[in-house]
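Spelled out from the first residue to the last, the chains are:
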Amino acid sequence: MRMSELRSMRVFLHLAMATAIFPIVGIEYLSRSVALSISTAVVVFGALLFGFQSRWVLWIFPAAMAATALWSADWLFTLLSAGSLFVPVVLAGIVVRVSGPVRFINTLAIWARIAVLVSLAAFVFLPEVGAHQDVLYDGALRGIFVHKNGMARILVVGVFAELFSQERAVARWLWLGVYLAAGVLTESLSFLVLSGMFAGAAWVLRKVKWDDRHSSLAWLGIGHIVAAVGVVIAVIYGPEMIDSTGRFSDSEGRGRIWAGVLTAFSVKPLGGWGYGMVFRAETEAGEIIRAASSWTPTAAHNGYLNALAEGGLLGLGALVASLALGMVVTWKSRRHLLWPLAYALVMPLNNLTDTRTSSLELFVFSAGVIYASVAQNAESYPGLPEPDPAPVT
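Residues numbered from 1 in each chain as written. Predicted model: local features only at pLDDT ≥ 70, side-chain atom pairs only at ≥ 80, totals over all residues. Heavy atoms only, no water.

**With respect to the overall build of the protein chain**
Under the convention used in this document: Here a helix means four or more residues in a row that DSSP labels H or I, a strand means two or more in a row labelled E, and each is numbered from the N terminus. For each residue, the accessible area found with a 1.4 Å probe, counting protein chains only, is set against the maximum for its type, and the residue is called buried under 20%, exposed over 50%, and partly exposed in between. By definition in these notes, contact holds between two residues if any of their heavy atoms fall within 4.5 Å.
Regarding its fold elements, the protein chain presents 15 helices and zero strands. Across the 393 residues in the protein chain, those meeting the buried criterion constitute 55%. Long-range contacts, defined as pairs at least 24 residues apart, comprise 75% of the intrachain contacts of the protein chain with a sequence gap of at least 6.

Okay, structure coming up:
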């Protein structure tokens, strides 16, 4: 492979990571349409230059959401919104073409560090930008992102990347400490819960004796159930025990939002209202949710309920199938790669208390599924030569 080709692959790898973390998540002062345009341009450029790999399981959910345009009240808006689900999947497929799984996780760690350092700098030196100024979240770290939840998403992915990166132990612990401090400043209980789950997954997966297949699968299944119950209890009832600022007794009013979403679902149970149509104030579904929660949220804070309201039983089935099949694929490659399995195990739990079915999370999940599939089929990773893999013990 020529040096110029290697150089272009390295450049695009960093461009893809920057796109996944900044435009796809949505930084402050960058509108959704502009962010999507930037992301789409990067994807088209990369696909033309390098091509992309994919697996059919990754198209199930985006395709189902795109299909809801057929009965949406605003079919063009729904179709364009659903198109944003295809961007991270294709971007992940391009990255697999230019880099292997070890370099992927190391590069993801680099860009997560950049995001948190810039955000902390904004928080300290430009608090009017880096900190929330509203009554509900006054002073909470949001960094350069629109909302503190966006900042927390970057921190969770950063913790995950550090746990599986090649960084030396001292540096890894240092960065994990930075993420923990930033997570406390965001006042995000979800960050603490999910970071703990990734840490637990990393420890368990490195200790499991994979030769005893049935026993290891049983323990992982039990752990998944316990973790799911723990996530819901911690996020719903945790703030009631520790918060004295007068916020909702359940984290961000999730209980009220969920009740409104279920009411909206009951009106159109089979195909839903159309992707992107539920959380718009001017729609009938938006009015139903506002009546239940006293305001119009931007998401259900639950990926499954989001899919249920926007895509009905079709959308929920597609989401569950995609996540389940992704876990199957990453499970089969567990002897070769651990981080795709860890992410595939935690992503379904992540969606219990937040909507994480698009953008950055879908990008990492898709990359993991493709890498795992390649490893399972004993194919060689195209693109940049891989660094020596980090030890898994």
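**What to know about helix α12 (residues 284-293)**
Counted only if it meets this: Here, the arc refers to the directions that run from the helix axis to the C-beta atoms.
Among all positions of α12, only A285, G286, I289 and S293 are buried. Across the axial projection of α12, the buried residues extend over an arc of 100°, all falling on one side. One or two residues past the end of α12 sits S294, with phi positive at roughly 75°.

**A look at the confidence of the model for the protein chain**
Defined as follows: Across the chain, each position has a pLDDT score giving the predictor's confidence in that residue, from 0 to 100.
Put simply, the protein chain has an average pLDDT of 83, and 83% of its residues get 70 or more. Across the protein chain, element-level confidence peaks in helix α3 (residues 60-67) with a mean pLDDT of 96 and bottoms out in helix α10 (residues 213-242) with 56. Low pLDDT (under 50) marks residues 237-250, which in the prediction has 18 contacts with non-local residues, meaning those over four places away or in another chain.

**Side note on the pattern of salt bridges**
Applied cut-off: Throughout this description, the term salt bridge denotes a Lys or Arg side-chain nitrogen within 4 Å of a carboxyl oxygen of Asp or Glu.
Under the definition given, this model contains four salt bridges. R153 is the salt-bridge partner of E361, the closest N and O atoms lying 2.7 Å from each other. Placement of E361 in helix α15 (residues 359-376) and of R153 in helix α7 (residues 148-164) is noted, with a sequence separation of 208 residues between them. Both residues of the pair, E361 and R153, belong to the buried class. Through salt bridges with shared partners, a single network forms among D74, R280 and E282.

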